Amino acid sequence: MASQSDQHFSSYPQQQQMNNRRGFSYVKAVTANQPTDLNLAAREFYPKAAPSFPPQNLPLAGVMHSNATTPSFDMYSSMPKPSHNLLDAVHTSPALTPSGSPPMQLGLASHQPSSHSLNITSAIPVHQLSLQQSTQQLTRQQADLVQESIQGTTYFYAKDEYVSPTSRQTFPGYSVYTGVPSHIYHMKPNTNSQDFFLQDEIKKEILHKQAIVMSEVEGVTDIPSEVDKYCNLVPLELFSKHHVSGRFRYTHSVYKAVNQKDGLTYCLHRLHGFKLTNPKCMTVIDQWKRVSSPHIVALREVFTTKAFNDNSIVFVYDFHPTAQTLAARHFTNVSNGYSSPFNIDGSARPFSAGKGARHAGQLSESSIWSYIIQLSGALRIMHAHKLTAFGLHPTKLLVCNNKLQINCNGILDVINFDSNMSTLSQPQAEDFHSFGMIVLALACNSELAFRPEQLKASLEHVKQNYSPDLNHLIRYLISRPMDVNINQVMPMIGARFYVELEGVENRMLKIEHELNKEVENGRLFRALTKLNTILERVGFTDISWAETGDRYLLKLFRDYVFHQTTETGAPWLDMTHIVSSLNKLDAGVQEKICLTSADETNVIIVSYQELKRCFDNAFNEIVQANVKQTYGTS
């Protein structure tokens, strides 16, 4: 149903024109350090903008009529900034009128300290000064002020604050996709076609994630239908039931499940045959729940269950579709049963064959530094909360869209809980040591690189193929230095933080641009839905309802938008024409178009404003008939 805010465009009210001409500043105010008797009726105290939104005494012009929840540009420009100081609100609001802000309030507020306060002498009534002082003041005012008279009222502005009526910025009463911004256009290769929709690779990625979230399992009989408040369990790892995790020392299973209370999808990590003996470990779990970082998978809750016909403990984490472990992402090159630390291209070779050569497919140094920055950020947050990962492992690190996250947090805290542990310095130092080992494995492209028998050759490989900074960082981390902390690691990263930040900003700009393409689609889809609900409707009130009156104009408009042809009769397709026409209908602009029937016997010149009136009236008839049928005449 059309919202109550649906209405035709109207010209700006006269009072709104006055406000626009006055600009966005206010006249000079009285400072707090030089009080005086104020003439509250003086015109200098009339403000030029209003702190309230929307103005109670003025209608809003240029509102997006078909969408009551989406403010127009004029509404955005009228929104005041939050302020605890009335004088600040007067300065920042562009819609303040003399009637909307009593002089008494402004006079009282002018005694409050403000960074916007100006010279007091420009606001002191002339009759309270001596003749010489008054003459000097008027001379300065004439030199510093600009005078403007609107409907018999005179306003004075400082020269640097005055906004000429001819230079006033105006905004359209509707919104529409304006194309690729210049800073985005020059980021990618130029194309001749104009893109109105989401890029294929981003759409593919989103659809892939949605497919994983909605996936189900068939042929599995040993998974319960419900575990606590979670249902629709789907195993995410194809391990046998007897697989024992080397890190946790228990059989470990991972499931995707839906929470029946909030309807969201989570990741469940289950330890088989685990019996909780010390409930005090739940205090550490509460600490993990409070950790929030984009590089740490959030732990939501922990519970024990017998739904699997044994004593199991389940750790519930956020679910990240398409994520894979760092080990699966980078350390799966195996050929002919032989796994080499430098088996970059998949061919088997002895370990020494990799030294001193930059192989095709070897992980770039920029990618390694990106992982280093993300892992260091995660460790900084973790250690600041007095927590530890008890050492990092490639199978417990997730990679999704080149974003690295520490996974399975809190599991080892429960397994290895020791109420007598007084300090975390040793476990946190182990985090940094394992951090260095993972970076070394990434540089050598193999988990075997940090084995004791291969360590010397691995470090030599890093020295010959990567920068001295990376080599120095790895050697420092794996040397187990005393009292190591993140503040000692950050200077070694240095200016590479800026490179990572620039990459994140560029990706954010591109995604924001993709969002700009889609932001208007919901509004246009709603307009198309309403239009097709009206057209060609048979048997409503009478058989000719859809072909007469307002509905006939909408039918001709449909042909004008979608059924255009060339001079030879061939279909003429123009996405710009379709999008533009629908936007103008939705906004109800004054522009006129020529509508012609298929047999060219009827030619009608009509404005989009009139078409919008027909559009709203016809749809309201259908809605009212539906309400009457559903709820009865009462």
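Up top you'll find the structure we're talking about.
Quick look at the structure, then.

About the cut-offs
- Residues numbered from 1 in each chain as written.
- Predicted model: local features only at pLDDT ≥ 70, side-chain atom pairs only at ≥ 80, totals over all residues.
- Heavy atoms only, no water.
- Pairing = 2+ DSSP bridges.
- Helix = DSSP H or I, 4+ residues; strand = E, 2+ residues; numbered from the N terminus.
- Salt bridge = Lys/Arg side-chain N within 4 Å of Asp/Glu carboxyl O.
- Buried < 20%, exposed > 50% of the residue type's maximum accessible area, 1.4 Å probe, protein only.
- Core = buried A, V, L, I, M, F, W, Y, C linked by side-chain atoms within 4.5 Å.
- Contact = heavy atoms within 4.5 Å.
- Axes fitted to C-alpha atoms, helices over the stretch in contact; angles between N-to-C directions.
- Parallel < 35°, antiparallel > 145°, perpendicular 65-115°, else oblique.
- Left-handed = near helix turned anticlockwise from the far one by under 90°.
- Nonpolar A, V, L, I, M, F, W, Y, C, P; charged D, E, K, R; others polar.
- Polar contact = N/O pair within 3.5 Å; in protein donor to acceptor, adjacent residues only side chain to side chain.

**Examining the pairing of strand 11 (residues 403–406)**
Here is step 1: Bridge count for strand 10 (residues 397–400) against strand 11 is 4 bridges, and the pairing is antiparallel. Opposite Leu397, over in strand 11, you have Ile406 as the bridge partner.
Here is step 2: Linkage of strand 10 to strand 11, two consecutive antiparallel strands, is achieved through a turn of 2 residues, within which Asn401 is found at a positive phi near 55°.

**What to know about the pattern of salt bridges**
Here is step 1: Within the structure shown, the criterion is met by 13 salt bridges.
Here is step 2: Note that Glu547 is salt-bridged to Lys555, the shortest N-O span being 3.0 Å.
Here is step 3: Exposure remark for Lys555: the relative accessible area of 21% places this residue in the partly exposed category.
Here is step 4: In this structure, a network of salt bridges that share partners links the residues Glu536, Arg558 and Asp559.

**Here's the deal with the pairing of strand 7 (residues 299–305)**
Here is step 1: For strand 7, the tally of buried residues reaches 5 of 7 residues, placing the bulk of the element in the interior.
Here is step 2: What sits between the antiparallel neighbours strand 7 and strand 8 (residues 312–318) is a turn of 6 residues, in which Asn309 has the positive phi angle 65°.

**Focus on the nonpolar core**
Here is step 1: Core analysis: the biggest nonpolar cluster contains 67 residues, and Phe315, Ile372 and Phe435 have the highest contact counts within it.
Here is step 2: Each residue touching Ile372, except ones within four places of it in the same chain, is listed here: Phe435, Val439, Leu470, Leu473 and Ile493.
Here is step 3: With 14 residues, the next largest nonpolar core counts Tyr552, Leu553, Val561 and Cys614 among its residues.

**Section: unusual backbone geometry**
Here is step 1: Backbone geometry at Asn309 places phi at a positive 65°, although glycine is not the residue there.
Here is step 2: Among the secondary structure elements, Asn309 is positioned in the loop between strand 7 and strand 8.
Here is step 3: For Asn309, a relative accessible area of 76% puts it in the exposed group.
Here is step 4: The backbone of Cys408 shows a phi angle near 60°, a positive value even though the residue is not glycine.
Here is step 5: Within the secondary structure, Cys408 is located in the loop between strand 11 and helix 11 (411–415).
Here is step 6: On the basis of relative accessible area, Cys408 is assigned to the buried category, the value being 8%.

**With respect to the sheet that holds strand 11**
Across a sheet, paired strands are connected by hydrogen bonds in the backbone, their directions being either parallel or antiparallel.
Here is step 1: Spatial strand order, 9-10-11: 3 strands in an open sheet with antiparallel pairing. Each edge of the open sheet carries a strand with a single partner, namely strand 9 (324–325) and strand 11.
Here is step 2: For strand 9 and strand 10, the ladder comprises 2 bridges, and the chain directions are antiparallel. Counted as the bridge partner of Thr325 is Leu398 from strand 10.

**A word on the packing of helix 10 (residues 365–384) against helix 15 (residues 486–493)**
Here is step 1: Contact geometry of helix 10 with helix 15 gives a least axis separation of 11 Å together with a crossing angle of 160°. As summarised for this structure, helix 10 and helix 15 are arranged roughly antiparallel, according to the angle between their axes. Of the two possible hands of crossing, helix 10 and helix 15 adopt the one that is left-handed. Residue-level inspection shows Trp369, Ile372, Ile373, Ser376 and Arg380 of helix 10 in contact with helix 15, the latter providing Ile486, Met492 and Ile493.
Here is step 2: Looking at side-chain class alone, the contact of helix 10 with helix 15 contains 6 nonpolar, 1 polar and 1 charged residues.

**Digging into the sheet that holds strand 7**
Here is step 1: Pairing in this open sheet of 6 strands is antiparallel, and the strands run 3-4-5-6-8-7 from one edge to the other. This sheet does not close on itself; its edge strands, each paired only once, are strand 3 (226–227) and strand 7.
Here is step 2: In the sheet, strand 7 pairs with strand 8 via 6 bridges, with the strands oriented antiparallel. The partner of Phe303 across the bridge, within strand 8, is Val314.

**Re the side chain of Lys612**
Here is step 1: By the element assignment, Lys612 lies in helix 20 (residues 608–631).
Here is step 2: Residue Lys612 is classed as buried on the basis of its relative accessible area of 1%.
Here is step 3: Here the side chain of Lys612 touches Asp586 through a polar contact of 3.3 Å, landing on its backbone oxygen.

**Remarks on the environment of Cys400**
Here is step 1: Secondary-structure assignment places Cys400 in strand 10.
Here is step 2: When its relative accessible area of 10% is taken as the criterion, Cys400 is described as buried.
Here is step 3: Measuring from C-alpha to C-alpha, the distance between Cys400 and Thr322 comes to 6.5 Å, with 78 residues separating the pair along the chain.
Here is step 4: Non-local contacts of Cys400, meaning those with residues more than four positions away in its chain, are made with Lys209, Pro321, Thr322 and Ala323.

Nothing here speaks to function; it is all geometry.
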